[in-house]
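Coordinate inspection notes
One letter stands for each residue in the lines below.
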Amino acid sequence: MEDEMEENLMQQEESSDSGNSSSPFNSPLRSTRLPIQRSSVCSRAYFVVVMVFFHVYILNVIALLLYVHYNNGPGDLVSGDRASSASVSDGGSPLTHPAAPSQELHVEDYSLPRIEGIRVGHVQHLSLVSDRTHKMKTLSLKPLLFEIPGFLSEEECRVVVQLAQLKGLTGSQTTVPSQGQEESNQPLLSLSTEEVFSLLDLNQDRLLQKQEIVSHSRSRDGTWLSPDNLRHILTGLEACPTGMLNLEEFRRVYDVSQHPGQEQSGKLRTQFKQRNKHTWLYQGSGSHHVLHTLRDRVTSLTRLPSALVELSEPLQVIRYEHGDFSNAHHDSSPSHSETTCAHTRLAVNTSALTEVSCRYLTVLFYLSSVEEGGETSFPVADNRTYDEQALVQDGVDLTDTQETCGSGNLRLKPTAGTALLWYNHLSDGRGWMGELDEYSLHGDCPVKRGVKWVANSWVNVDPDHQQQARYQRLVAQSHRAKSGMEEHYQPLSHSDLHQDL
């Protein structure tokens, strides 16, 4: 009996299930599962992930190639060690005989490389020559100063000294007049203020404008007024609401410019003094192979575009004998609106008060060792602050290396073959040359025993990068204009280079 009842119940459930399946409204409590092939889903997801990673990889490769292309540029705009060396060896010349650089300077495409000092005492390893590795030690961060022992071989030092002796050295002796003595090269000091005003007033309207003052500057043939005097006059003119000076206003400004010590008591007033003998050695095409090699090595060391190094000043070689010295000074000059860089004067179309040296960095070579004295002194290296008035203490000027050389913060004894590299300017924050680094103040202590031979290699850069580029283009155009007549005097690589340009 019980078995029959169970069978009836099972038949009723089956009939109800079949009825529900045919109904358009299925029970929410009972769901049907579709058969799924898990292997196909996993394969599809794996394929999508792989394709995504593949596309990302391709995009990264393309981005890397574009980065390398636009940073290096065609023809070694920003030269590495080997690239810069090859570019320098092609030829070129410094300021005395400007020749075409290896490439025109496209300042929009790169910034000036700058070596990181990390910290004082930090040592970096450099591969400047094929057969050895040089060590570069950070000596200070203000200024950014490095020492590279063994930068030159003993043979290279000897050759540079002999080349300087063969060319002949010229004596450099600069003295400072006493406070009550007037300088002999200031002809305007014998004129009255009214006469000076009349001479500067070109249109004779009884008003002095800035352009009238600027146009009277002749830095090459002797200035009417010193650059400091002219700056004082221009400062007074710019402070005037009308932008012009009448006779009474000029008289006040002119009197101050003639007696700057009364305006700034205690301010450093010492002019640059030195006593040594020097000469200049051309490093361009046709020069001695040692000089070529040194320029090649400087380009690799500084990591600067070869065009900048090629068109910079020649190598200056200096000999200091017993008692010779140079007071503390800056190798470069601060940038002013009334000055222009001497090396880019070809690109200047307007008058400037004076031409100044614009030297981004200095590489100093010790060509001999000194038995006693002759140290290179950096009086304010790594000071917390720079205060010009603090250089004068108890009436003693710390820039006077004859008297206070031992008081400098950093003194380096000359060792043959060693090189020093320091930056004379800070960065402007946009990858170009900025303000003068006042901590780069340095001088040479008097030689007490022995003879000191050094050489200075300067890299000239104009703070106005557009003007620097204009100068590079003018030199390249001038060289191309002469290449037709002098082609047989030029290396073969220059002919190929002209075709590329």
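Here, every reference points to the structure presented above.
The structure contained in this document is the topic of the report that follows. Here the structure is a predicted model, which is why all the values come from computation and not from measurement. (Residues numbered from 1 in each chain as written. Predicted model: local features only at pLDDT ≥ 70, side-chain atom pairs only at ≥ 80, totals over all residues. Heavy atoms only, no water.)

Considering the overall build of the protein chain
How we decide: Helix numbering and strand numbering both begin at the N terminus, where a helix is a DSSP run of H or I of at least 4 residues and a strand a DSSP run of E of at least 2. Note on exposure labels: buried denotes an accessible area under 20% of the residue type's maximum, exposed denotes more than 50%, and partly exposed covers the range between, all computed with a 1.4 Å probe on protein chains only. Contact definition: two residues touch when any of their heavy atoms are within 4.5 Å.
Each helix and strand in the protein chain was counted, giving 14 helices and 21 strands. Here the protein chain holds 501 residues, and the buried ones make up 44% of them. By sequence separation, contacts in the protein chain at least 24 residues apart represent 79% of the contacts at least 6 residues apart.

Side note on the packing of aromatic side chains
So the rule is basically this: Stacked, edge-to-face and tilted are the three classes for Phe, Tyr and Trp ring pairs, Trp counted by its six-membered ring, which pair at centre distances within 6.5 Å; planes under 30 degrees apart are stacked, over 60 edge-to-face, the rest tilted.
For the coordinates displayed, the defined rule picks out 6 aromatic pairs. Between Phe151 and Phe365, the aromatic rings sit 5.6 Å apart at their centres with planes inclined by 15°, giving stacked as the arrangement. Here Phe365 lies in strand β10 (residues 359-366) and Phe151 lies in the loop between β3 (144-148) and α4 (154-167), a separation of 214 residues in the sequence. Relative accessible area serves as the criterion here: at 1%, Phe151 is assigned to the buried category.

Notes on unusual backbone geometry
A cis amide bond links Lys142 with the next residue in sequence, Pro143, at an omega value of 0°. Examined against the element boundaries, Pro143 turns out to sit in the loop between β2 (132-141) and β3. With a phi close to 60°, Arg303 is a non-glycine residue in the positive phi region. By secondary structure assignment, the location of Arg303 is in the loop between α10 (289-302) and α11 (306-310). Given the relative accessible area of 34%, Arg303 is considered partly exposed.

Thoughts on the state of the cysteines
To be explicit about the condition: The criterion for a disulfide is a pair of cysteine sulfur atoms lying within 2.5 Å.
With the rule as written, the count across this model stands at 2 disulfides. In this model, Cys341 is linked to Cys358 through a disulfide, with the two sulfur atoms separated by 1.9 Å. With the S-S dihedral at roughly -90°, the linkage between Cys341 and Cys358 falls on the left-handed side. Of the two residues, Cys341 sits in strand β8 (residues 339-341) while Cys358 sits in the loop between β9 (354-356) and β10, which places them 17 residues apart along the sequence. Exposure remark for Cys341: the relative accessible area of 4% places this residue in the buried category. Put simply, Cys405 and Cys445 are joined by a disulfide, and their sulfur atoms are 1.3 Å apart.

Overview of the pattern of salt bridges
Quick reminder of the rule: Here, a salt bridge means any side-chain nitrogen of Lys or Arg that lies within 4 Å of a carboxyl oxygen of Asp or Glu.
One pass over the full model with this rule turns up 11 salt bridges. A salt bridge links Glu155 to Arg158; the nearest nitrogen and oxygen atoms lie 2.3 Å apart. Of this pair, Glu155 and Arg158 both sit in helix α4, 3 residues apart, which is roughly one turn of that helix. We classify Glu155 as partly exposed; its relative accessible area is 43%. When the shortest N-O distance is used, the salt bridge between Arg251 and Glu194 registers 2.2 Å. Of the two residues, Arg251 sits in helix α8 (residues 247-258) while Glu194 sits in helix α5 (residues 193-200), which places them 57 residues apart along the sequence. Relative accessible area serves as the criterion here: at 21%, Arg251 is assigned to the partly exposed category. Bridged by salt links that share partners, the residues Glu194, Glu248 and Arg251 form one connected network.

Points about the side chain of Ser312
To be explicit about the condition: Pairs of N or O atoms within 3.5 Å make up the polar contacts considered here, provided that, within protein, one atom can donate a hydrogen while the other can accept it, and that residues adjacent in sequence are counted only when both atoms are side-chain atoms.
Summarising the element assignment, Ser312 is placed in the loop between α11 and β6 (315-320). Within polar-contact distance, the side chain of Ser312 engages the backbone nitrogen of Asn460 at 2.9 Å.

As for α4
For the record, the criterion: One less than the residue count of a helix, multiplied by 1.5 Å, gives the span that helix is expected to have.
The first and last C-alpha atoms of α4 sit 20 Å apart over 14 residues, in line with the 20 Å expected at 1.5 Å per residue. Along α4, the positions that sit buried rather than exposed are Glu156, Cys157, Val159, Val160, Val161, Leu163 and Ala164. Looking at the packing, one finds that the buried side of α4 touches β5 (274-281), α10, β6, β10 and β21 (452-460). Of the residues trailing α4, Gly168 is marked for its positive phi of about 100°.

Here we look at the nonpolar core
Our working definition: Put simply, a nonpolar core is a bunch of buried Ala, Val, Leu, Ile, Met, Phe, Trp, Tyr and Cys residues held in one set by side-chain atoms that sit within 4.5 Å of each other.
Core analysis: the largest hydrophobic core is formed by 44 residues, its most contacted members being Val160, Val317, Phe365 and Leu367. Sort the elements by how many residues they give to this core and α4 lands first, with 6 residues. With near-sequence residues (within four places) excluded, Leu367 lies in contact with Leu152, Cys157, Val160, Val161, Val317, Ala416, Trp453, Val454 and Ala455.

Overview of the packing of α4 against α10
Note the threshold: All axes here are fitted lines through C-alpha atoms, helices being fitted over the stretch that makes contact, and every angle between N-to-C directions spans 0 to 180 degrees. An angle below 35 degrees is treated as roughly parallel, one above 145 as roughly antiparallel, one from 65 to 115 as roughly perpendicular, and anything else as oblique. By definition, turning the near helix anticlockwise from the far helix through less than a right angle yields a left-handed crossing, and turning it clockwise yields a right-handed one. For this classification, the nonpolar set comprises Ala, Val, Leu, Ile, Met, Phe, Trp, Tyr, Cys and Pro, the charged set comprises Asp, Glu, Lys and Arg, and every other residue, Gly included, is treated as polar.
It is at 10 Å that the axes of α4 and α10 come closest, and there the two elements cross at 120°. Here α4 lies oblique to α10, going by the angle between them. Between α4 and α10 lies a crossing whose hand is left-handed. Of the residues in α10, those touching α4 at Glu156, Val159, Val160 and Leu163 are Val290, Leu291, Thr293, Leu294 and Arg297. Class assignment for the residues of the contact of α4 with α10 results in 6 nonpolar, 1 polar and 2 charged.

Side note on the pairing of β3
Within a regular strand, side chains alternate between the sheet's two faces. Basically, it comes down to this: Any two strands are treated as partners once DSSP identifies two or more bridges connecting them.
Extensive coverage of β3 is indicated by the burial of 4 of its 5 residues. The sheet contact formed by β2 and β3 spans 4 bridges and is antiparallel. Bridge pairing links Thr138 to Phe146 in β3. The antiparallel pairing of β2 with β3 creates a hairpin that spans 2 residues between the two strands. As paired strands, β3 and strand β16 (residues 419-423) are joined by 4 bridges and run antiparallel to one another. Of the residues in β16, the one forming a bridge with Glu147 is Leu420.

What about the pairing of strand β18 (residues 433-436)?
Where strand β17 (residues 425-427) lies against β18, 2 bridges are found, and the strand directions are antiparallel. Within β18, the position partnered with Ser427 by the bridge is Met433. Linkage of β17 to β18, two consecutive antiparallel strands, is achieved through a turn of 5 residues, within which Gly429 is found at a positive phi near 85°.

Side note on the environment of Leu291
If you trace the backbone, Leu291 turns up in helix α10. Its relative accessible area of 4% is what places Leu291 among the buried residues. Along the chain, Leu291 and Val159 lie 132 residues apart, while their C-alpha atoms are 9.0 Å from each other. In this structure, Leu291 is in contact with Val160, Leu163, Leu281, Tyr282, Gln283 and Leu315, ignoring residues within four places of it in sequence.

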